[in-house]
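Structural characterization, general
As a plain string of letters, each chain reads:
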Amino acid sequence: MGSKYPRSMRGCLPLWTLILEAALIVIFFFFANYDSSSQDPKKIVVTHGAILQDVMVMAALGMGFLTSSLWRYGWSSVAFNLFMLALGVQWAVLLDGFLEHPPSWKVVIKLSRIQQATMSAMSVLISAGAILGKANLAQLVLMVLMEVTAFSAMRMISRQFLVADNHVSMMYIHVFAAYFGLTVAWCLSRPLPKEAEEKEQRTTSPSLFAMLGTLFLWMFWPSFNSALLTIPHERKNGVFNTYYALAVSAVTAISLSALTHPQGKISMTHIHNAVLAGGVAVGASCHLIPSPWLAMVLGLVAGLISIGGAKCLPVCFNRVLGIHDTCGVHYTFGLPGLLGGIAYIGLMVHKISWSKNTMLGFQVLFDTGVLSLSMAMGLASGLITGLILNLKIWKAPHVAKYFDDQAFWEFPHLAVGF
Amino acid sequence: MSFATNMRFKFPLMAIGLEVAMIVLFGLFAIFNWCATAHWCTTKLFKTASNIVNHCYRYSLPLFQDVHVMIFVGFGFLMTFLKKYGFSSVGINLLIAALGLQWGTLMQGILHSHGHKIHIGIKNMINADFSTATVLISFGAVLGKISPLQMLIMTIIEIAVFAGNEHLVAEIFKATDIGASMTIHAFGAYFGLAVAGVLYRPGLRRGHDNEESVYHSDLFAMIGTLFLWIFWPSFNSAIAEAGDKEYRAVVNTYFSLAACVLTAYAFSSLVEHRGKLDMVHIQNATLAGGVAVGTCADMAIHPYVSMIIGSIAGMVSVLGFKFLTPVFATKLRIHDTCGVHNLHGLPGVVGGLAGIVAVVLGASDTFLGKHRTMRIFNFQSLCYFLLPRSTPAMQAAALGSSIGTALVGGLITGLILKLPIWGQPSDQNCYDDSVFWEVLCTVLNK
């Protein structure tokens, strides 16, 4: 290993970013166009504009502050998040347009497309939680490009070959992103020195900032789950079910967090992550669930899994495999996402067996296919990305500089209390 | 120089007096009208009154709320970066925004209604929020060096001048400025700079101990940045015509902001040593794209053009922070606390220039933009004469008048505020909450 002094980003980051932005502008110049269709535009702006805004709040504020719980990494969490979002959205808009069926070379920019792109870009924000504090901005740029491409490809495949609809293929974002992030974290894992582990401690006021992010995610999650549902009554169901699942998982998370502590105290880290598990778990099936109690059961189980994961995973799973999952994306998004996928398959089976349809086997096959595809795609593309990120050319931060803002930020005067 | 900073009688008297005056003026001039500007309601769908009210209300209210969030949360938290000035940043922000939106409703209403009663609808409320935005921008320039009482006076004068300038730009020049790059951002920034120039404190030439940030105050400021960033598309499209124009305003602003983030990070890394990032740049320059695209947001420019505008704005803003602000503070004796010149002033001018170029290139004639297929020469030339359109000269005049009135108004306001009776803090008490707020000692010593 080279010197412990953080390596200069000056030659690397501005060059890459400016070239990338110029390239994006050129691609937009050739391929992007306004929507000039004759649908009632007023309605489109009102409905899609509102949902777009909700999704943006979740992506920029929620995901940004959710990961800001580290003692010395708050600036990077929030600011890198914004950067990845801005880049990811531009790239995702283009990809979504190109990979559309039938393939076309003109991307028509609709508000619904921007909204979908924002949701696709959220996959990167989720994965970034796993490698939080261990990668620099240049590495994150590459990760954004790789992951958004992989995610769009996965959605295209599941839409075209596995007859999954838009909503379901988007809702496997959690599984995909969590396993992508975990694989990248596995590739980047190095033994942490003592001082780096100290920096990973969470203290009171950063925890409050993370709570801000959690609350924003929690409030807007019903919009996220129902964003791609087009039929009004399905959308209504989606909002209600998500709402109840979130409420139940919040209660479960808080009570279980107290239960698992020797003195019955509540851990803030558990709260940050586990209260959201219900929203993740109910995602894929939120429009199919006929009555609230099912959603509430899902929320309960998701809360259980999430808290259980938070307790067991870092000890058993992560230590054995050598994965360091900074923000716990595995138990926040990964496991509840898997639960949601299984619940969706179960509900589909139930629905079809009632209607005495002979296509039962095919349907189960397809649904399982989508779930395993998203997981496999996440693992595979994560592996490739992780291997590329391991190359020396990225000037990755030294292990001693992990979880430290000072490697990336200019401090004019060493601030008090830092 | 020391001033009496005791606010016990001056401030309550002034604030209550102003509020009573507002109530009286509202009593005299304002009446309700839920559907004031949505003309199609009154013409096309004149079925049942309740239906119409319901529709307009539901249509415009979300936009109003977005703008409201930006004004109160976004601008408020954006200014909380100083280590001992968080209370004042958010608190005084709330105070002047609350006063400003009442006064703004009145001023704009009187200018637009030509002596009749003011019909207050959601659009008026959005416009009133816009007028407070100018004051909040100017507040950024004088942040920490001014008392709440002075801010009240500045609010009253600035909104009056703003309403006059906006009337001039919109009604007489007929210039388009949908996201108000010129009339709000450039105006507010140069007004604030002029005030800050007149109120320059030679004693603080070498800086002040409290004029710096701590780790968590910068994170608080980031909350403001993110709120502004998220809701900026609504800000630029709030008063756009529903339909195509509104859609374009949202899309253009969105992509301009996204492109701006990338260039801001790149240039921040480029100008700092060892390629690090500077939090001040990230907090402010990432928003410059929204400011700069304001004037031409609703025009039929292509998405890539808005991305170019955003990139230029991000670049200009970071370079302004790095090189222009020190020059302003030392050579021109203008001390700009928040760097509003770089976030609102320069990108606002960029937006004005972009608007001129866009009008020259014919992006603003919406009729032709919509019906491209009918672009035959005769028809086009016919439209050219028949449709009311903004001309490049008028756009330039709008930019000039915005900056001109802002500077003149700011100088006059500054001279008024320089009178030693408004309880301004002394030099060593600047940037300190404890002058005007009850603060716990433990917090201060930290």
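Being a predicted model, the structure only gives us computed values, none of them experimental.

The helix and strand inventory of chain B stands at 17 helices and two strands. Here chain B, with 446 residues, has 59% of them falling under the buried criterion. Intrachain contacts of chain B at a sequence separation of at least 6 include 83% that bridge at least 24 residues.

Our next topic: the overall build of chain A. When helices and strands are counted, chain A shows 16 helices and two strands. When its C-alpha atoms are laid out on the principal axes, chain A stretches across 65 × 60 × 35 Å. Out of the 418 residues belonging to chain A, those deemed buried represent 59%. Distance between charge centroids for chain A: 3 Å, based on 26 positive and 18 negative side chains.

Bringing helix α4 (residues 111-130) of chain A into the picture now. With 20 residues, α4(A) should reach 28 Å at 1.5 Å per residue; the first-to-last C-alpha distance of 30 Å fits that figure. With respect to burial, α4(A) is a largely interior element, 19 of its 20 residues being buried.

On the surface, B:Ile16, B:Val20, B:Val24, B:Leu28, B:Phe29 and B:Ile110 cluster together into a nonpolar patch covering about 520 Å² of accessible area. Here B:Leu28 shows up in helix α1 (residues 10-29).

To continue, consider the pattern of salt bridges. Throughout the structure, instances matching the rule amount to five salt bridges over all chains. Here A:Arg72 and A:Asp404 are joined by a salt bridge, their closest N and O atoms 3.9 Å apart. Within this pair, whereas A:Arg72 is found in the loop between α2 (41-66) and α3 (74-98), its partner A:Asp404 is found in the segment after α16 (360-389), the two being separated by 332 residues in sequence. For the pair A:Arg72 and A:Asp404, a shared accessibility class is recorded, and that class is buried. Between B:Arg201 and B:Asp427 there is a salt bridge whose closest N-O contact spans 2.8 Å. Of the two residues, B:Arg201 is situated in the loop between α7 (181-198) and α8 (215-237) and B:Asp427 in the loop between α16 (392-417) and α17 (441-445); the sequence distance between them amounts to 226 residues. What makes B:Arg201 buried here is its relative accessible area of 11%.

On to the interface of chain B and chain A. Of the residues lining the interface, 62 residues belong to chain B; the matching set on chain A comes to 67 residues. Carbon and sulfur atoms supply 74% of the area that chain B and chain A bury against each other, a total of about 5900 Å² over both sides. Looking only at chain B, the three residues that lose the most surface to chain A are B:Tyr215, B:Leu262 and B:Arg274, adding up to 14% of its buried area. Counting the contacts that link chain B with chain A gives zero salt bridges. Inspection of the region where chain B meets chain A yields 16 residue pairs in polar contact (both at pLDDT 80 or more). The dominant element in the side of chain B that touches chain A, judged by the number of residues it contributes, is helix α9 (residues 244-271) of chain B, at 20 residues. Split into classes, the residues belonging to the side of chain B that touches chain A amount to 39 nonpolar, twelve polar and eleven charged.

The next point concerns the environment of A:Gly238. Residues and elements named next belong to chain A. One can find glycine 238 in helix α10 (residues 232-260). We classify glycine 238 as buried; its relative accessible area is 0%. Other than its neighbours up to four places away in sequence, glycine 238 contacts Leu229, Cys286 and His287.

Let us look at the packing of α3(A) against α8(B). Following both chains from N to C, one finds α3(A) and α8(B) inclined at 20 degrees, their axes separated by 9 Å at the closest point. Considering their axes alone, α3(A) and α8(B) lie roughly parallel with respect to each other. Considering only the axes of α3(A) and α8(B), their crossing is left-handed. Across the interface between the two elements, A:Gly74, A:Trp75, A:Val78, A:Ala79, A:Leu82, A:Leu85 and A:Ala86 from α3(A) touch B:Tyr215, B:Asp218, B:Leu219, B:Met222, B:Leu226 and B:Trp229 from α8(B). Here the residues of the contact of α3(A) with α8(B) sort into eleven nonpolar, one polar and one charged.

This paragraph deals with the nonpolar core. The nonpolar side chains of a soluble globular protein tend to be buried, and buried together. Counting residues in hydrophobic clusters, the biggest one holds 254 residues, and the most contacted among them are A:Trp409 and B:Trp229. For this core, the element with the highest residue contribution is α3(A), accounting for 15 residues. Listed in part, the six residues of the second largest apolar core include B:Val169, B:Ala175, B:Met182 and B:Ala398.

Residue and element names in this part refer to chain B. Where α7 meets helix α13 (residues 340-360), the closest approach of the two axes is 8 Å, and the angle between their N-to-C directions is 140 degrees. Taken together, the axis directions place α7 and α13 in an arrangement best described as oblique. For the pair α7 and α13, the sense of crossing is left-handed. Within the contact between the two elements, α7 uses Ser181, Met182, His185, Ala186, Ala189, Tyr190 and Leu193 and α13 uses Val340, His341, His344, Gly345, Leu346, Gly348, Val349, Gly351 and Gly352. Residue classes in the contact of α7 with α13 are distributed as eight nonpolar, eight polar and no charged.

Before going further, it helps to examine the packing of aromatic side chains. Applying the stated rule across the entire model yields 29 aromatic pairs over all chains. Plain terms: the ring middles of A:Trp75 and B:Tyr215 are 5.3 Å apart, the flat faces sit at 10 degrees to each other, and that makes the pair stacked. Note that A:Trp75 is positioned in helix α3 and B:Tyr215 in helix α8, a pairing that runs across two chains. When the ring of A:Tyr402 is compared with that of A:Phe403, the centres are 6.0 Å apart and the planes differ by 75 degrees; the resulting orientation is edge-to-face. Each of the two residues, A:Tyr402 as well as A:Phe403, counts as buried. Taken together through their ring pairs, the aromatic side chains of A:Tyr73, A:Trp75, A:Phe80, A:Phe408, A:Trp409 and B:Tyr215 make up a single cluster.

Attention now moves to the environment of A:Ala274. All names here are of chain A. In this fold, alanine 274 is placed in helix α11 (residues 268-274). Owing to a relative accessible area of 1%, alanine 274 belongs among the buried residues under this scheme. Not counting the four nearest positions on each side in its chain, alanine 274 is found in contact with Ser249, Ala253, Ser306 and Ile307.

So, about the side chain of A:Gln90. For A:Gln90, the location among the structural elements is in helix α3. From its side chain, A:Gln90 meets the backbone oxygen of B:Ala258 in a polar contact 3.2 Å long. With residues near it in sequence (within four places) discarded, A:Gln90 still touches A:Glu21, A:Leu24, A:Phe28, B:Phe255, B:Ala258, B:Ala259, B:Leu262 and B:Met307.

Taking 1.5 Å per residue as the helical rise, helix α6 (residues 148-172) of chain B with its 25 residues ought to reach 36 Å, and the 35 Å between its terminal C-alpha atoms agrees with that figure. At the C-terminal side of α6(B), B:Lys174 shows a positive phi close to 55 degrees.

With that out of the way, let us pick up the side chain of A:Asn225. Residue and element names in this part refer to chain A. Here asparagine 225 is to be found in helix α9 (residues 204-226). By relative accessible area, which is 0% here, asparagine 225 ends up buried. Apart from residues lying up to four places away in sequence, asparagine 225 is in contact with His167, Met171, Thr242, Gly279, Val282, Gly283 and Cys286.

All names here are of chain B. Chain-level pLDDT for chain B is 84 on average; 86% of the residues reach the 70-or-more range. Per-residue pLDDT stays below 50 along residues 36-49; that stretch engages in 15 contacts with residues further than four places along the chain or on separate chains. Within the model, the stretch residues 366-387 combines pLDDT values under 50 with 13 contacts to residues more than four positions away or in other chains. The complex model carries a pTM of 0.90, and its ipTM stands at 0.91.

Here we take up the confidence of the model for chain A. Of all residues in chain A, 93% attain a pLDDT of 70 or more, and the chain-wide mean is 85. Between the elements of chain A, mean pLDDT differs from a low of 71, seen in helix α8 (residues 194-199) of chain A, to a high of 93, seen in helix α7 (residues 173-187) of chain A.

Before going further, it helps to spend a moment on the environment of B:Met307. The topology assignment puts B:Met307 in helix α12 (residues 303-330). In the structure, B:Met307 is positioned 38 residues away from B:Gly345 in sequence and 19 Å away in space, judged by C-alpha atoms. Setting aside its immediate chain neighbours within four residues, B:Met307 contacts A:Glu21, A:Leu24, A:Ile25, A:Phe28, A:Gln90, B:Phe255, B:Ser256 and B:Ala259.

Residues and elements named next belong to chain A. Applying the stated criterion across every chain, the model contains zero disulfides over all chains. Left without a disulfide partner, cysteine 187 is nearest to the cysteine sulfur of cysteine 327, which lies 19 Å away. Classification of cysteine 187 by relative accessible area gives buried; the value is 13%.

What counts and how
- All residue numbers refer to positions counted from 1 along the written sequence of the respective chain.
- Whichever chain is written first becomes A and whichever ligand is written first becomes 1, with later ones labelled in order.
- Note on the predicted model: pLDDT of at least 70 is required for a residue's local features to be given, and 80 or more for side-chain atom pairs to be given and counted; whole-chain, interface and lining totals, by contrast, use all residues.
- Calculation of side-chain values draws on the structure's entire complement of heavy atoms; hydrogens and water are dropped beforehand.
- Helix and strand definitions here come from DSSP, where helices need a minimum of 4 consecutive H or I residues and strands a minimum of 2 consecutive E residues; each element is numbered from the N-terminal end.
- Partly exposed describes any residue whose relative accessible area lies between the buried limit of under 20% and the exposed limit of over 50%, with all areas from a 1.4 Å probe on protein chains only and scaled to the type maximum.
- Any two residues whose heavy atoms approach within 4.5 Å are treated as being in contact.
- Asp and Glu are treated as the negative residues and Lys and Arg as the positive ones, with His and the ends of the chain left uncounted.
- Where a charge lies is defined by one atom per residue type, namely NZ (Lys), CZ (Arg), CG (Asp) and CD (Glu).
- A helix is expected to span 1.5 Å multiplied by its residue count minus one.
- Only residues whose relative accessible area exceeds 30% and that form no salt bridge enter a patch; like-charged residues are grouped when within 9 Å of one another, and nonpolar side chains (Val, Leu, Ile, Met, Phe, Trp, Tyr) when within 5 Å.
- Working definition of accessibility: Shrake-Rupley area with a 1.4 Å probe, residue cover restricted to the visible protein chains.
- Between Lys or Arg on one side and Asp or Glu on the other, a salt bridge is scored when a side-chain nitrogen of the former is within 4 Å of a carboxyl oxygen of the latter.
- The term buried area means the drop in 1.4 Å probe accessible area that two parts suffer when joined, counted for both and summed.
- Pairs of N or O atoms are called polar contacts if they sit within 3.5 Å, as long as, within protein, a hydrogen donor faces a hydrogen acceptor (for residues adjacent in sequence, only side-chain-to-side-chain pairs).
- Residue polarity follows a fixed list, in which Ala, Val, Leu, Ile, Met, Phe, Trp, Tyr, Cys and Pro are nonpolar, Asp, Glu, Lys and Arg are charged, and the others, Gly among them, are polar.
- Note on geometry: axes are lines fitted to C-alpha atoms, helical ones only across the stretch in contact, with angles between N-to-C directions running from 0 to 180 degrees.
- If an angle is under 35 degrees, it is roughly parallel; if it is over 145, roughly antiparallel; if it lies from 65 to 115, roughly perpendicular; otherwise it is oblique.
- The hand of a helix crossing depends on one turn: near helix anticlockwise from the far one by less than a right angle means left-handed, and clockwise means right-handed.
- Working definition of a nonpolar core: buried Ala, Val, Leu, Ile, Met, Phe, Trp, Tyr and Cys residues. They are joined through side-chain atoms within 4.5 Å.
- Stacked, edge-to-face and tilted labels apply to pairs of Phe, Tyr and Trp rings (six-membered ring for Trp) whose centres lie within 6.5 Å, assigned for plane angles under 30 degrees, over 60, and everything in between, in that order.
- Per residue, pLDDT measures the predictor's confidence, with a range of 0 to 100.
- A pair of cysteine sulfur atoms is labelled a disulfide when the two atoms are within 2.5 Å.

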